[in-house]
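Fold and contact review
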Amino acid sequence: MIVIMRIGCTQDAITRVRNRIEDAGLRVYIPHGVERTVIGVVGESFPGLRDALESLPGVDQVIPVSKPYKLASREFHPEDTIVEVNGVVIGGDEIVVMAGPCAVESEEQLLVTARAVKEAGASILRGGAYKPRTSPYAFRGLGANGLRLLAEVGHKTQMPVVTEVMSPDDVDLVAQYADMLQIGSRNMQNYVLLDEVGRTRKPVLLKRGMSANMSEWLLAAEYLLAQGNEKVVLCERGIRTFEDYARNTLDINAIPIIEKVSHLPIIADPSHATGKWYLVTPVALAAVAAGADGLLIEVHPDPDLALADGPQSLTFENFRLLMSQLLPLAEARNRSIATQRVRIKP
Ligand code: PEP
Ligand code: MN
């Protein structure tokens, strides 16, 4: 339920509405950056509350939100949400490209990759320190050392960094080093992790669970928003279908659907969606044509030697080619490509 206050209503009237909602055992959420004061009622509403709120002074209308997700819905927040990651703006007029290796392997590997992707036009450096691997015998990341390398290389190359956090216990540590916290596909419904990441005020990249529908995905975002973290970016990374030629199937529908039903920015990850490097560029272009706000791309100096996801990683040359093909598609959507103009604090 959303309570829309009259323009120019008093602070007193807002407080009365707030108290009435809280007395009913529900929580209040007031989004920033909206013209009129709107008050979100967080929690399960009950018959009678709508009438009670509607009769309070200063209240213009009370609108029930029909969707199971509330704070993530367009009904609740009609304007697009813009998420800023250390100077890089996601969800605005510019397409933001995040690129880097699947896993941080060494300082040298990360640094050369960061320089190459930045040079080609990427704005955010990606790299996994904690890797969710299907096999327990596969390389599972450098952990805390990987985080330190990410922060160091991010600083050296003046790029904000995004990295995955897998466990609620690691959230504080990862948040110390990263500019954006990634919640991976396998953890999209790890509600304890969502709560913990929601309590930070760090930007979050929430990947779609490989078997999650739109509603489940947006309810996962709702966990983050309900904790007061408004800086949520969604990432379509492919879903499981009967097709097994590619690793997953990028659900291109998800991009315009999210744009319609939610105010949150959405980017696409054609690397995990396809699993094959030669499919990455065409699928990336399709995602931008469909309206994606950005891309997440795996790039490695020598994909044949990568410790994780080599077959889907682009070489520097192939990443440059992708970037050179992106601009006309962005322009067709009246957008441009974000360029690096970030100043990272020491
Ligand atoms: C990744 O980005 O490296 C990753 C593991 O992605 P996903 O959670 O989409 O599989
Ligand atoms: Mn990967």
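In case you missed it, the structure is sitting above this.
A few points on the structure. (Residues numbered from 1 in each chain as written. Chains lettered and ligands numbered in written order. Predicted model: local features only at pLDDT ≥ 70, side-chain atom pairs only at ≥ 80, totals over all residues. Heavy atoms only, no water.)

Taken together, 13 residues lie near ligand 1, and Arg 126, Lys 131, Ser 185, Arg 186 and Arg 237 sit nearest. For ligand 1, an oxygen atom lies 2.8 Å from a polar atom in the side chain of Arg 126. Between an oxygen atom of ligand 1 and a side-chain N or O atom of Glu 298, the distance comes to 3.4 Å. Computed on the free molecule, ligand 1 has an accessible area of 300 Å², of which 98% lies beneath the protein chains in the complex. (Near = heavy atom within 4 Å. Polar contact = N/O pair within 3.5 Å; in protein donor to acceptor, adjacent residues only side chain to side chain. Areas by Shrake-Rupley, 256 points an atom, 1.4 Å probe, with all protein chains shown as cover.)

This next bit is on the coordination of the manganese ion (ligand 2). Bound to the manganese ion (ligand 2) on the protein side are Cys 102 (SG), His 272 (NE2), Glu 298 (OE) and Asp 309 (OD), at distances that span 2.0 to 2.4 Å. In the primary sequence, the donor residues of the manganese ion (ligand 2) line up as C-x169-H-x25-E-x10-D. Taken together, the residues Cys 102 in the loop between strand S7 (94-100) and helix H3 (107-120) and Glu 298 in strand S14 (residues 294-298) connect sequence positions 196 residues apart. Residue class for Glu 298 comes out buried when judged on its relative accessible area of 1%. (Donors = N, O, S within 2.8 Å, 3.2 Å for Na, K, Ca; no water. Helix = DSSP H or I, 4+ residues; strand = E, 2+ residues; numbered from the N terminus. Buried < 20%, exposed > 50% of the residue type's maximum accessible area, 1.4 Å probe, protein only.)

Let us now look at the side chain of His 272. Turning to its location among the elements, His 272 is positioned in helix H9 (residues 270-274). Of note is the side chain of His 272, whose polar atom sits 3.0 Å from the side chain of Asp 309. When residues no more than four places from it in sequence are discounted, the contact partners of His 272 are Arg 126, Lys 207, Arg 237, Arg 247, Asn 248, Glu 298, Asp 309 and Gln 312. (Contact = heavy atoms within 4.5 Å.)

Summed over the entire model, instances satisfying the criterion amount to twelve salt bridges. The partner of Arg 18 in a salt bridge is Glu 22, and the shortest N-O contact between them spans 3.7 Å. Separated by four residues within a single helix, Arg 18 and Glu 22 lie in helix H1 (residues 11-23), roughly one turn from each other. Assessed through its relative accessible area of 40%, Glu 22 is described here as partly exposed. Ionic pairing is found between Arg 208 and Glu 236, a salt bridge with its closest N-O pair at 2.8 Å. Here the residue Arg 208 occupies a position in the loop between strand S11 (204-207) and helix H7 (214-226), and Glu 236 occupies one in strand S12 (residues 232-236), the gap between them amounting to 28 residues. Neither Arg 208 nor Glu 236 differs from the other in exposure class; each is buried. (Salt bridge = Lys/Arg side-chain N within 4 Å of Asp/Glu carboxyl O.)

Quantified by volume, the largest pocket comes out at close to 350 Å³. Surrounding the largest pocket, 14 residues form its lining, Gly 43, Glu 44, Pro 68, Lys 70 and Glu 222 being those nearest its centre. When contributions to the lining of the largest pocket are tallied by element, the ones reaching two or more residues are strand S3 (38-42) and H7. Ranked by the residues each element gives to the lining of the largest pocket, the list is headed by H7, at four residues. (1 Å grid on protein atoms, 1.4 Å probe; cavity = no way out; pocket = protein on both sides within 12 Å on 5 of 7 lines; lining within 4 Å. Points joined across faces, edges and corners; volume = space filled by probe spheres on them.)

Without other data, these values stay purely geometric and don't point to any function.
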